[in-house]
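Close look at the chain arrangement
Okay, here's what each chain looks like letter by letter:
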Amino acid sequence: ETPYDEVVLAPSDCAALWVAIDAAELGAVSSSSRPGVPDESKFTMGLERGMGVTLDVELWQNDVREDPALTALLQVLKRRLAEAYGVEPVF
């Protein structure tokens, strides 16, 4: 687990990230309920979007890989974190 500090994005980067978040439809995604397989990591995604609306989703890595929109969201997050910290994160 690697915690990352808050990152302030340029408006264009922020807009691109929200496009990916909206495309992933996180509000419609249910947390994984199945048991994990050996060596499978679990993603925990928390989202706050104005007016106190929060969302927490926990998904096994293989469940994320089966969803193209979630995979695209993780790729956008990887790029932004790599730009901010100079090291490509491993998800």
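Scroll up to find the structure this text is about.
Residues numbered from 1 in each chain as written. Predicted model: local features only at pLDDT ≥ 70, side-chain atom pairs only at ≥ 80, totals over all residues. Heavy atoms only, no water.

Regarding the layout of surface pockets
Roughly 1,300 Å³ of volume is contained in the largest pocket. Lining the largest pocket are 29 residues, with Y4, T44, G46, L77 and L81 sitting closest to its centre. Taken together, the elements giving at least two residues each to the lining of the largest pocket come down to α1 (11–24), β1 (42–49) and α3 (68–85). Per element, the largest residue contribution to the lining of the largest pocket is 7 residues, and it comes from β1. (1 Å grid on protein atoms, 1.4 Å probe; cavity = no way out; pocket = protein on both sides within 12 Å on 5 of 7 lines; lining within 4 Å. Points joined across faces, edges and corners; volume = space filled by probe spheres on them. Helix = DSSP H or I, 4+ residues; strand = E, 2+ residues; numbered from the N terminus.)

Here we look at unusual backbone geometry
Residue E25 is not a glycine yet carries a positive backbone phi of 45 degrees. Position of E25 relative to the elements: it lies in the loop between α1 and β1. One non-glycine residue with positive phi stands out, namely D39, at about 70 degrees. Residue placement: D39 occurs in the loop between α1 and β1.

Things to note about the pattern of salt bridges
Side chains carrying opposite charge are able to pair once their charged atoms draw close together. Within the structure shown, the criterion is met by 5 salt bridges. The partner of E40 in a salt bridge is R34, and the shortest N-O contact between them spans 2.6 Å. Taking the relative accessible area as the measure of exposure, R34 reaches 28% and is therefore partly exposed. For K42, the salt bridge is made with E58, and the minimal N-O distance between the two is 3.8 Å. Taken together, the residues span a long stretch of sequence, with K42 in strand β1 and E58 in strand β2 (residues 53–60) at a distance of 16 residues. Accessibility expressed as a relative area gives 36% for K42, which makes it partly exposed. (Salt bridge = Lys/Arg side-chain N within 4 Å of Asp/Glu carboxyl O. Buried < 20%, exposed > 50% of the residue type's maximum accessible area, 1.4 Å probe, protein only.)

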